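# Commentary on secondary and tertiary structure
Spelled out, the chains give:
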Amino acid sequence: DAGITQSPRHKVTETGTPVTLRCHQTENHRYMYWYRQDPGHGLRLIHYSYGVKDTDKGEVSDGYSVSRSKTEDFLLTLESATSSQTSVYFCAISDKAYTDTQYFGPGTRLTVL
Amino acid sequence: KNQVEQSPQSLIILEGKNCTLQCNYTVSPFSNLRWYKQDTGRGPVSLTIMTFSENTKSNGRYTATLDADTKQSSLHITASQLSDSASYICVVSASTGANNLFFGTGTRLTVIP
C-alpha cells in the first residue's frame, strides 16, 4: 500500500461522538486525500490537502474537518458522528497533482450506531 | 455533467476465460483515464493510465483501450485467474477545474474455478 497506513482500521462508535481517523505516509508526497466509499456511489472525495496546513473541500465535505500539521500526517475528524457517516474511509496520496496516479491506504471501516 | 458509467455492475466468469469491462464517460475537457483494481478489503491500485493520444495500454494480462472520440474505454482481461476477482474502477480526469477527478462505481468481477 505504497507506504500509507490508516488508523484505526475498524471503529464502531455511537451517534454524536467525535471521531478522528489518521492517515500516515512515508512517501513524502505533497497531496493527501480523504475519500469515502459506499455501495452504489463509488469513491467520493471528502477533503484534500496540497501541503502542510493547506486543505480544501471535496464533493462531500459537510460534517467533516481535516488538519495537516506535518507532511506525513492527515487527520479526518467527524465532530459529531451520524449514522449517515457509516462508511469505509480511504486515504490516498499523490506526488505532483490531484490528477496524478493516487496511491491508496488500506481503508478504515467506520460504523456509527 | 461530468459522469463516468461502468458496465456491467458485476460479472462472473470461469477461470481461464477472457472478459471485457466497459467504461463510458462524459468528462470534458478530457485529460486521462485510469483503471484501478480493488481487492476486497483493500484500497484501489492503479493498473493503467491513458492520455488522449493513446488508444491501448497493457499491463500483463490486462489491456485497456480508449476511444476518445466516442468517450469509451474497455479493460480486457486475458486468461483470467482466481486472483483477478476484485472490483475494477474507471477514473477519468478533466484537464481543468477543481476536484476534476471522476470515479465510476466499478465492476465487481468474480472468477470461479
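Everything below is about the structure shown above.
Residues numbered from 1 in each chain as written. Chains lettered and ligands numbered in written order. Predicted model: local features only at pLDDT ≥ 70, side-chain atom pairs only at ≥ 80, totals over all residues. Heavy atoms only, no water.

## Let's talk about the pairing of strand 6 (residues 56-59) of chain B
Residues and elements named next belong to chain B. Here is the rule: By definition, two strands form a pair when at least two bridges between them are found by DSSP. Only DSSP runs of H or I with at least four residues qualify as helices, and only runs of E with at least two residues qualify as strands; both kinds are numbered from the N terminus onward.
Across four bridges, the pairing between strand 6 and strand 7 (residues 62-67) is antiparallel. Each bridged residue has a counterpart across the sheet, and for Asn-59 the counterpart in strand 7 is Tyr-62. Hairpin connection, strand 6 to strand 7: the antiparallel pair is bridged by two residues, and Gly-60 has positive phi, about 65°.

## So, empty space enclosed by the protein
Residues and elements named next belong to chain B. This is how the line gets drawn: Here a cavity denotes grid points, spaced 1 Å and computed from the protein atoms alone, that fit a 1.4 Å probe unable to get out, and a pocket denotes an open set having protein on both sides within 12 Å along at least 5 of 7 lines; residues with an atom within 4 Å of a point are the lining. Grid points are joined across faces, edges and corners, and a volume is the space filled by probe spheres set on the points. Three classes are used, and their members are as follows: Ala, Val, Leu, Ile, Met, Phe, Trp, Tyr, Cys and Pro are nonpolar, Asp, Glu, Lys and Arg are charged, and the others, Gly among them, are polar.
This model, assessed by the stated rule, comprises one cavity of 30 Å³ or more. Those elements that provide at least two residues to the lining of the largest cavity are strand 4 (30-38) and strand 10 (101-103). Its residues assigned to classes, the lining of the largest cavity shows five nonpolar, one polar and one charged.

## What about the sheet that holds strand 7 (residues 64-70) of chain A?
Residues and elements named next belong to chain A. Spelled out, the test is: Here an axis means a line fitted to C-alpha atoms, over the contact stretch when the element is a helix, while the angle between two N-to-C directions is reported on a 0 to 180 degree scale.
Strand order in the open sheet formed by four strands is 1-3-8-7, and the pairing between neighbours is antiparallel. Taken across any chain shown, the strands that pair with only one partner, and hence form the sheet edges, are strand 1 (4-7) and strand 7. Across the sheet, the mean angle from the axis of one strand to that of its neighbour is 20°, orientation sign disregarded.

## Topic: the side chain of Ser-93 of chain B
What counts here: Contact definition: two residues touch when any of their heavy atoms are within 4.5 Å.
By the secondary structure assignment, Ser-93 of chain B is in strand 9 (residues 86-94). With residues up to four places along the chain from it excluded, the contact list for Ser-93 of chain B reads Thr-99 of chain A together with Val-27, Pro-29, Phe-30, Ser-31, Asn-32, Arg-34, Asn-100 and Leu-101 of chain B.

## Focus: the sheet that holds strand 8 (residues 72-77) of chain B
All names here are of chain B. Taken in spatial order, the five strands make up an open sheet running 1-3-8-7-6, and their pairing is antiparallel. The strands lining the two open edges of the sheet, one partner per strand, are strand 1 (4-7) and strand 6. Within the sheet, the average angular offset between the axes of one strand and its neighbour, ignoring direction, is 15°. Two elements, strand 7 and strand 8, share six bridges in a ladder whose sense is antiparallel. Residue pairing across strands places Thr-65 opposite Ser-74, the latter belonging to strand 8.

## Looking at the environment of Leu-14 of chain B
Residues and elements named next belong to chain B. Selection criterion: Whether a residue is buried, partly exposed or exposed follows from its accessible area with a 1.4 Å probe, protein chains only, as a fraction of its type maximum: under 20%, in between, or over 50%, in that order.
Mapped onto the elements, Leu-14 comes out in strand 2 (residues 10-14). Of the residues examined, Leu-14 reaches a relative accessible area of 44% and is grouped as partly exposed. In this view, Leu-14 contacts Ser-80, Val-111, Ile-112 and Pro-113; residues no more than four positions away in its chain are not counted.

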